[in-house]
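Breakdown of the fold
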Amino acid sequence: MSVKSDVLTMLEKQRGSYFSGEQLAEQLNVSRAAVWKAVGALKKEGYEILAAPNRGYCLPMDSDVLSEEGIRNYLPQECQSMHIEVYRETTSTNTLAKRAANEGASAPAVYVAAMQTAGKGRRGRSFVSVPGGNICMSFLLKPALAAGDAVFITTAACVAVHRAIRKVTGIICDIKWVNDLYYQGKKVCGILTEAVTDCETGIVDCVIPGIGVNFNIAPEQFPEELREIAGALYAGDKRIPVTRSQLAAEIITQMLQILKELKERSFLKEYKEHSMLLGKQIWIYSGEEPEAALAVDVDENGGLVVELLDGRRRVLSTGEVTVRAAV
């Protein structure tokens, strides 16, 4: 690790506390000049590091820059070996994960970015990225799954993120089949899962769930055409009780935990409990014209069970649905 990374790790572990340059230099076995240079480099990267005479350096509690050091500070011991890469800006974290997979990278691994310039959602939609407001992350996973079972990863990822948000922020989101989280009636998280399958064996080589969370974004920061449907966990607040690194760490922790539940499918109960669709009249968008139906259940494969107007039942494994407005 570099001196800059070592200094940041120490400041992250003791947010709100001051370290003198002498203390940092002694503990890291470097010169005070090296510490001073490292702090200067961190400030240039956007870190708000306080400096006070006779006290030293301090990373404020409300400083919110995504970093590997910040994320690792909140990971439990059993997750510390996770390969983590953090970027200030990238085209797409899914692209990073796919490139790593093609180069033979080991799994599990996670690729995190504060900004995406070419992030995509389902059906080719763009993912809106706001400076300082998002968490963009993609996991490279290599579970021993048949191709038909890979659909569970999206459902499982929804529950993992739901658990993480609830644990870290206290916010309880609604789940919209198949891959979105909503808060106060607006979308705050989208998940796009891509899989690479061995055509001969039918076994999934790797699965890449991409997760985009709107963390702290004021309504006016969204494009005008999205303001009625897009929201964030925090609405541009200046001071909030948690950081993006803290939530990213909890998402990693919950994702690794939920992978252990795939065979038992125990997370489906939680998925259904927080569904915003079940029992609601919906529109199904799978053809030229939307089709009316009632959302009845989520089956053991993660498919949405719907009842059509003629009473027939159907299971959706893909597609787009919305809640029908009351007439």
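Summarised in this report is the structure supplied together with it. Note that this is a predicted model, so its numbers are computed, not measured.

Conventions adopted
- Residues numbered from 1 in each chain as written.
- Predicted model: local features only at pLDDT ≥ 70, side-chain atom pairs only at ≥ 80, totals over all residues.
- Heavy atoms only, no water.
- Helix = DSSP H or I, 4+ residues; strand = E, 2+ residues; numbered from the N terminus.
- Core = buried A, V, L, I, M, F, W, Y, C linked by side-chain atoms within 4.5 Å.
- Buried < 20%, exposed > 50% of the residue type's maximum accessible area, 1.4 Å probe, protein only.
- Contact = heavy atoms within 4.5 Å.
- Salt bridge = Lys/Arg side-chain N within 4 Å of Asp/Glu carboxyl O.
- Phe/Tyr/Trp six-rings, centres within 6.5 Å; stacked < 30°, edge-to-face > 60°.

Negative phi is the rule for most residues except glycine; trans is the rule for most peptide bonds. Following Ala107, the chain continues into Pro108 via a peptide bond in cis, with omega recorded as 5°. Along the chain, the position of Pro108 falls in the loop between α5 (93-102) and β4 (109-113). Across the junction of Trp177 and Val178, the peptide omega takes the value 10°, indicating a cis bond. The topology assignment puts Val178 in the loop between β6 (174-176) and β7 (180-183). At Asn54, a residue that is not glycine, the phi angle is positive and equals roughly 65°.

Here the focus is the nonpolar core. Counting residues in hydrophobic clusters, the biggest one holds 68 residues, and the most contacted among them are Met137, Phe139, Leu233, Leu247, Ile251, Ile252 and Leu304. A total of 11 residues in this core trace back to one element, the largest contributor, which is helix α6 (residues 151-169). Ignoring sequence-local partners within four residues, the contact set of Leu304 consists of Trp177, Leu277, Leu278, Ile282, Ala295, Asp297, Val298, Arg314, Val315, Leu316 and Val321. If you look at the next biggest cluster of nonpolar residues, it comprises 17 residues, including Ala25, Leu28, Val35 and Val65.

A few words on the pattern of salt bridges. Tallied over the entire structure, the rule returns 15 salt bridges. Of the charged contacts, one joins Glu250 and Lys167 as a salt bridge, the two residues approaching to 3.7 Å between their closest N and O atoms. Of this pair, Glu250 sits in helix α7 (residues 244-258) while Lys167 is found in helix α6, placing the two residues 83 residues apart along the sequence. Here Glu273 and Lys269 are joined by a salt bridge, their closest N and O atoms 2.5 Å apart. With a gap of 4 residues between them, Glu273 and Lys269 both fall in helix α8 (residues 267-273), about one helical turn apart.

This model, assessed by the stated rule, comprises 2 aromatic pairs. Aromatic pair Phe152 and Phe267: ring centres 6.5 Å apart, planes at 80°, arrangement edge-to-face. Of this pair, Phe152 sits in helix α6 while Phe267 sits in helix α8, and the two are 115 residues apart along the sequence. Each member of the pair, Phe152 as well as Phe267, carries the same accessibility label: buried. Ring geometry for Phe215 against Tyr234: centres 5.5 Å apart, planes inclined by 70°, an arrangement best described as edge-to-face. Of this pair, Phe215 sits in the loop between β9 (204-214) and α7 while Tyr234 sits in the loop between β9 and α7, and the two are 19 residues apart along the sequence.

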